[in-house]
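If you want the building blocks of each chain, they are given just below.
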Amino acid sequence: MNTFLKKNWPAAALLGLAACQPDLEAPRADKGTADFSSYVAVGNSLTAGFQSGGLANFGIETSYPAILAQQFAKVGGGEFVVPTFGPEQRDGSGYLKFYGINTLGSPIILSPGQSVTTTVAGESAPRTITNNPADYKFAFTGQKLPSGTSELTPFNTTQPNNLGVPGISVLSADRTASAIPQIAGAAQAYGAINNYYQRLLPAADRGVTDYTTFIGRKNATFFTCWLGNNDVLTYATNGAVVEPTNPFSGLSDTTSFGRGYRNIVRTMSKTGTVQGVVANIPNVTNVPYFTAVTVPTIIAGIKANPNIPNAAAASLYIVTGTGTVREATATDLLILPASAVIGTPSAGSPLPVGIGYSATAANPLPSKFVLDAAEITAIQTRTNQLNAIIAKTARQYKLGLADMNGFFSSVALGGIAINATANNAGFIRGNLFSLDGVHPTSRGYALIANEFIRVINTTYGATIPQVNPNEYNALLLP
Amino acid sequence: MKFKSLLLTGSALLSATAVSAGGYQVTLAGIKNNGMGGVGVGLSLDQAAMFYNPGALAMVRERGVHLGANATIARQAFRAENGSMQRELQNNTTTPFSLFASFGPQEGKFRAGIAVYTPFGNKLEYAQGWEGRFALTQIDLKAIYVQPTFSYAITDKLSVGAGLMYLALGSVNLQRDVPSQNAAGEFASIELDGKAERKFGFNAGVLFKPSEKLSLGISYRSKIDAQVKSGDVTFRNLSATAAPGFQATKFAATLPLPATTTIGIGVMPNEKLTIGLDVNFVEWSDYRNLTFEFNEPVNGSRTSSSIRNYEDALTFRLGGQYQLTSGLTVRAGGAYDNTPVKDGFVTPETPDSDRITGTLGASYKFGEKFSVDLSTQFVNLKKRTQTQNELLNNGTTDRVAGTFKTSVVVPGIGLNYSF
């Protein structure tokens, strides 16, 4: 036995060696020809990390610029300051919360302070659900801006690297964009109108410094710019109805947009000497805000409703953008809030015949809850025109172009698989869009960051690793 | 130190890991064979011939018992295409075992025997939070065959044999995370646990020995479809909102345990030296899909099907033994194993790749009746990468893109007792 063990000693040693853990070398991470030592992000709510109808720390921290900066750090990227709220104000503006699905299959989504009486799926009796505002750690100061919006605690320690401002459009960002004095003036005074912009501005600049001037103070070595969405989206989400009180609620005209956009990009790129990537405008009608509530589903629900007299003959009636009243068709897009309005009683039409139900077309759904075919075409045409300006500007200043329009069209068409998960542009269960139906979830933002990385790698010969989007939260289900 | 702990685990779970041949096949039946690159179809070494070539059993002079146990120690590195770190398996050592006993008259022409072995099996436990968690977090697949065998020497040069394979125990346990998060942000998970129906198959073989220096063998092992008719489905961490879409409690699934044909040559240049060469052909192309049928919907669907599209695969084995002293025999060998898994179809439950195996072994006789065999196999799976683009093109996005690298060490010990 002794000799036996001796003879097998070499085998035992070999065995020890071969049982070693294999190692795979980490893929090479290289910055290519880009310089990420000072990265600055400019943009709107998508850049700020807006989610579920609000801006809060969890969204700011998983904004795509924050994710990008984290990956840039692997190739020599510098410090990236994100404008979070203090820990005791971490819920910022507040946000929508999800309370489950009701027996009709509709999601129960409540804003802070909102309350609803409904029967939750799986329960037998209705109950009142309240989104208690005391559960939020808001960042409101109690003051109002001149525009009437609530002031948020200023982020004034330093000018952050993520300069995303929810709500901002090219028209409202640049005082040279519009030739109309009222609009140009509103852009210059935007810090007194938009509370998210105001909180980033030093006190002396509030109401006098436009966004282009403000972002021009930052010395970037690399920047991303994703602006222009609100030049079509504000109009679209309002059912293609211009609000007289809001100078930025229409479709921005191409002349003004081009002037403003070029000025912003010229400023950030220091006339083409600073590297960066600009992103274009996704087709806004692909988001759940316009696709979650469909005309055929609503009409089927009306025809099956036993409370409506002669329900089989009833349908859904809308006011079009030109003021015509007609039956809704499958090509009309209802906005998300329409589901809470259709069928509710109004002054001229008490139940059982609520808004939009009338077979006599007497009580149609107002135009601001629906995009009709002509309105959709107008919005898409303008989106394409603005995207042409964005592409041309990118070429002019030698910047990369992230085709977010193409990317989100492909997601809307066929979904996107990530590490064995299926994701799509659907509401609630698609994983990518938050409760407001417009803004992504953290997972959606991680996908956007990956798309930026792909473009940066191609444009600058870099090999920045992408993130695993599944490590970022989709919707949390109660 | 490591060697000692391996031997101690010999009595642990009766399971096996897919380490010794492509796919989830396990060819670790005889410890002598293990030391010789897994050859055996053209040889008549010992009772393990019932597994390799039942036709050779009648040529095995000794009647007796061979008890074998192996420890498979798999180590793997994985890097996801979209991931930041190297993932490693949670270490688990499994112990495929085998038992062979043969009977028959001393000088008679026939031998009868019984064999118990694990021809298929797979056990893997992935790291917490790894990128492929929604495809698989862990798997434990077991198959134990019990095989009564009969072999008859028609002449001194030709013997035939056959066995009735009985799938005595087949079980599968699959777990993965479900991409639905509850209010605490935790992902739900699903566990599928089932026992296979008991089934029969057969194996058969011929050994032809034209001279003292040469033998030729062929053997066939039939396919058995391991079928789970009513396995249990368990969900964890499901939110109340998601729960209505995940109501299944039972599942059914079928996994082919494919047919294998092997031809083997044995060369005995002198009394002390034996060399064997085997070529296995495994009909993996039977494995097209892995389909689960549920009694109630899982994420809205009663069936879930995942593409496998395996290809038939060949394994080449070469090995030899040399009798150093009257008591001690040493062995060495190697094998090259073509993976049945095509590019872009690699799944976490079988992270397969072409394999190169080197083996060592030895036997020592303690008197006339008792001997001990030792073997070690060093299995090296080639580094294998699949991209998300390949998965998209193949319709296989239910698995994870990235690079796998696996190596396995399989020490084995065998005890022989002759009547």
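Scroll up for the structure.
Residue numbers restart at each chain and count upward from 1, following the sequence in its written direction. Chains and ligands are labelled sequentially in the order written, the chains with letters from A and the ligands with numbers from 1. Local features are withheld for residues below a pLDDT of 70 in this predicted model, meaning they are given only at 70 or higher, and side-chain atom pairs are given and counted only at 80 or more; totals for whole chains, interfaces and linings count all residues. Computation of side-chain values covers all heavy atoms of the structure but excludes hydrogens and water.

### Comments concerning the overall build of chain A
Condition: Under the DSSP-based scheme used, a helix requires at least four consecutive residues in state H or I and a strand at least two consecutive residues in state E, with every element numbered from the N terminus. Under the scheme applied here, a residue whose accessible area is under 20% of the maximum for its type counts as buried, over 50% as exposed, and between as partly exposed, the area being computed with a 1.4 Å probe on protein chains only. Contacts are residue-level and defined by heavy atoms, with any inter-residue pair within 4.5 Å sufficient. Surface accessibility follows the Shrake-Rupley procedure with a 1.4 Å probe radius. Residue values consider only the protein chains on display as shielding. The convention is simple: Lys and Arg are positive, Asp and Glu are negative, and His and the chain ends are not counted. All charge positions are set by atom: Lys at NZ, Arg at CZ, Asp at CG, Glu at CD.
Counting secondary structure elements, chain A contains 16 helices and 17 strands. C-alpha extents for chain A along the principal axes are approximately 100 × 65 × 40 Å. The proportion of buried residues among the 478 residues of chain A is 56%. Expressed as a percentage of contacts within chain A between residues at least 6 apart in sequence, the contacts between residues at least 24 apart total 70%. Of the roughly 19,000 Å² that chain A leaves accessible, carbon and sulfur atoms contribute 56%. Once the 29 positive and 25 negative side-chain charges of chain A are each reduced to a mean point, those two points are 5 Å apart.

### Some details on the pairing of strand β22 (residues 402-418) of chain B
Residue and element names in this part refer to chain B. Our working rule: Two strands are counted as paired when DSSP detects at least two bridges linking them.
Within β22, 14 of the 17 residues are buried, which leaves the element mostly enclosed by the surrounding structure. Here strand β1 (residues 64-70) pairs with β22 via 7 bridges, running antiparallel. Opposite Gly64, over in β22, you have Ser418 as the bridge partner. Where strand β21 (residues 370-386) and β22 come together, 15 bridges link them in antiparallel fashion. Residue pairing in the sheet places Leu374 in a bridge with Ile413 of β22.

### Considerations on the packing of aromatic side chains
Just so we agree on the cut-off: Stacked, tilted and edge-to-face are the three classes assigned to paired rings of Phe, Tyr and Trp, where Trp is represented by its six-membered ring and a pair needs centres within 6.5 Å; plane angles under 30 degrees give stacked, over 60 edge-to-face, the rest tilted. Distance and angle both matter: a charge sits over a ring if NZ of Lys or CZ of Arg is within 6 Å of the ring centre and within 35 degrees of the ring normal.
Summed over all chains, the structure comprises 46 aromatic pairs over all chains. Geometrically, the ring pair formed by Phe103(B) and Phe419(B) is stacked, given 6.3 Å between the ring centres and 15 degrees between the ring planes. With Phe103(B) in strand β5 (residues 97-103) and Phe419(B) in the segment after β22, this pair connects stretches of sequence that are 316 residues apart. Of the residues examined, Phe103(B) reaches a relative accessible area of 42% and is grouped as partly exposed. Following the ring pairs from residue to residue traces out a cluster consisting of Phe36(A), Tyr39(A), Phe72(A), Phe80(A), Phe222(A) and Tyr460(A). The positively charged end of Lys342(B) is found above the aromatic ring belonging to Phe345(B), 5.1 Å away from the centroid.

### Describing the interface of chain B and chain A
Stated precisely, the cut-off is as follows: Accessible-area loss on putting two parts together, using a 1.4 Å probe and summing over both, is the definition of buried area adopted here. The salt bridge definition used is simple: a Lys or Arg side-chain nitrogen within 4 Å of an Asp or Glu carboxyl oxygen. Distance and chemistry together define a polar contact, namely a pair of N or O atoms within 3.5 Å, with one atom able to donate a hydrogen and the other to accept it when in protein, and with adjacent residues in sequence counting only for side-chain atoms on both sides.
Taken together, the contact between chain B and chain A spans 49 residues of the former and 42 residues of the latter. The largest per-residue losses of area from chain B upon contact with chain A belong to Asn82(B), Gln181(B) and Thr241(B), which jointly make up 19% of the total buried on that side. The interface formed by chain B and chain A contains 1 salt bridge. Close ionic contact of Glu471(A) with Arg87(B) constitutes a salt bridge, the shortest N to O distance being 3.6 Å. Between the two partners, chain B and chain A, sit 12 residue pairs in polar contact (both at pLDDT 80 or more).

### Some points on empty space enclosed by the protein
Residues and elements named next belong to chain B. We apply this condition: In this analysis, the protein atoms alone were mapped onto a 1 Å grid. Cavities are point sets where a 1.4 Å probe fits without being able to get out; pockets are open sets with protein on both sides within 12 Å along at least five of seven lines; lining residues have an atom within 4 Å of a point. Grid points are joined across faces, edges and corners, and a volume is the space filled by probe spheres set on the points. Amino acids outside the nonpolar list (Ala, Val, Leu, Ile, Met, Phe, Trp, Tyr, Cys, Pro) and the charged list (Asp, Glu, Lys, Arg) are all regarded as polar, and Gly is one of them.
Per the stated rule, a full pass over the model turns up 9 cavities of 30 Å³ or more. Counting only elements with at least two residues in the lining of the largest cavity, the list comes to β7 (138-153), β8 (158-182), β12 (224-236), β13 (250-257) and β16 (289-298). Sorting elements by how many residues they give to the lining of the largest cavity places β13 first, with 5 residues. Looking at the lining of the largest cavity residue by residue, the class counts come to 16 nonpolar, 5 polar and 2 charged.

### Structural notes on the side chain of Gln181(B)
Structurally, the position occupied by Gln181(B) is in strand β8. Polar contacts involving the side chain of Gln181(B) include one to the main-chain amide nitrogen of Ala474(A), which spans 2.9 Å. Non-local contacts of Gln181(B), meaning those with residues more than four positions away in its chain, are made with Arg443(A), Asn473(A), Ala474(A), Leu475(A), Leu476(A), Leu477(A), Glu186(B), Phe187(B) and Ser239(B).

### Re the pattern of salt bridges
Residues and elements named next belong to chain B. Under the counting rule described, the total for this entry stands at 24 salt bridges over all chains. Across the pair Asp140 and Lys142 runs a salt bridge whose closest N-O atoms are separated by 4.0 Å. Take Asp140 and Lys142: they sit in the same class, and that class is buried. Here Arg355 and Asp352 are joined by a salt bridge, their closest N and O atoms 2.5 Å apart. Residue Arg355 is classed as buried on the basis of its relative accessible area, which comes to 2%.

### Structural notes on helix α13 (residues 295-303) of chain A
Residues and elements named next belong to chain A. Rules: Arc definition: it is the arc formed by the directions from the helix axis to the C-beta atoms.
Val295, Ile298, Ile299 and Ile302 are the residues of α13 that are buried. Projected onto a plane normal to the axis of α13, the buried residues spread over an arc of 95 degrees and lie on a single side. Here the buried face of α13 lies against β11 (325-327) and β12 (333-334).

### Notes on the environment of Ala417(A)
Position of Ala417(A) among the secondary structure elements: in strand β15 (residues 416-418). Leaving out residues up to four positions away in the same chain, Ala417(A) has contacts with Gln388(B) and Thr397(B).

### Details of the sheet that holds strand β14 (residues 400-402) of chain A
All names here are of chain A. Here is the rule we go by: Axes here refer to lines fitted to C-alpha atoms; in helices the fit is confined to the stretch in contact. Angles between the N-to-C directions go from 0 to 180 degrees.
Read across the sheet, 4 strands follow the order β1-β8-β9-β14 without closing on themselves; strand pairing throughout is parallel. Since the sheet does not close on itself, it has two edges, and those belong to β1 (39-43) and β14, each with one partner. The mean angle between the axes of side-by-side strands here comes to 15 degrees, regardless of whether they run parallel or antiparallel. Looking at chain direction, β1 and strand β8 (residues 222-226) are connected through 5 bridges and run parallel. Note on β8: the bridge partner recorded for Val42 is Cys225. Strands in contact with helix α11 (residues 254-268) are β1, β8 and β9 (275-279); relative to β8, the strand with the most contacts, it is inclined by about 165 degrees.

### What about the nonpolar core?
Put simply, the rule reads: The definition of a nonpolar core used throughout is a set of buried Ala, Val, Leu, Ile, Met, Phe, Trp, Tyr and Cys residues joined through side-chain atoms within 4.5 Å.
Judged by nonpolar contacts, the single largest core of 195 residues is most densely connected at Tyr211(A), Leu334(A) and Phe452(A). Not counting residues up to four positions away in its chain, the partners in contact with Leu334(A) are Tyr289(A), Phe290(A), Val293(A), Thr294(A), Val295(A), Ile298(A), Leu316(A), Ile342(A), Leu365(A), Phe369(A) and Val370(A). One finds Ala49(B), Ala56(B), Val60(B) and Leu207(B) within the second-largest nonpolar core, a separate group that totals 5 residues.

### Here we look at the side chain of Glu131(B)
Structurally, the position occupied by Glu131(B) is in the loop between β6 (110-125) and β7. Polar contacts involving the side chain of Glu131(B) include one to the side chain of Arg87(B), which spans 3.0 Å. Among all residues touching Glu131(B), those that are not within four sequence positions of it are Asn419(A), Asn468(A), Glu471(A), Phe78(B), Ala80(B), Asn82(B), Gly83(B), Ser84(B), Met85(B), Arg87(B) and Val400(B).

### Details of unusual backbone geometry
For Thr271(A), which is not a glycine, the phi torsion comes out positive at approximately 55 degrees. Along the chain, Thr271(A) turns up in the loop between α11 and β9. Despite not being glycine, Asn237(B) has its phi angle at roughly 60 degrees, a positive value. One can find Asn237(B) in the loop between β12 and β13. By relative accessible area, Asn237(B) is classed as partly exposed at 39%.

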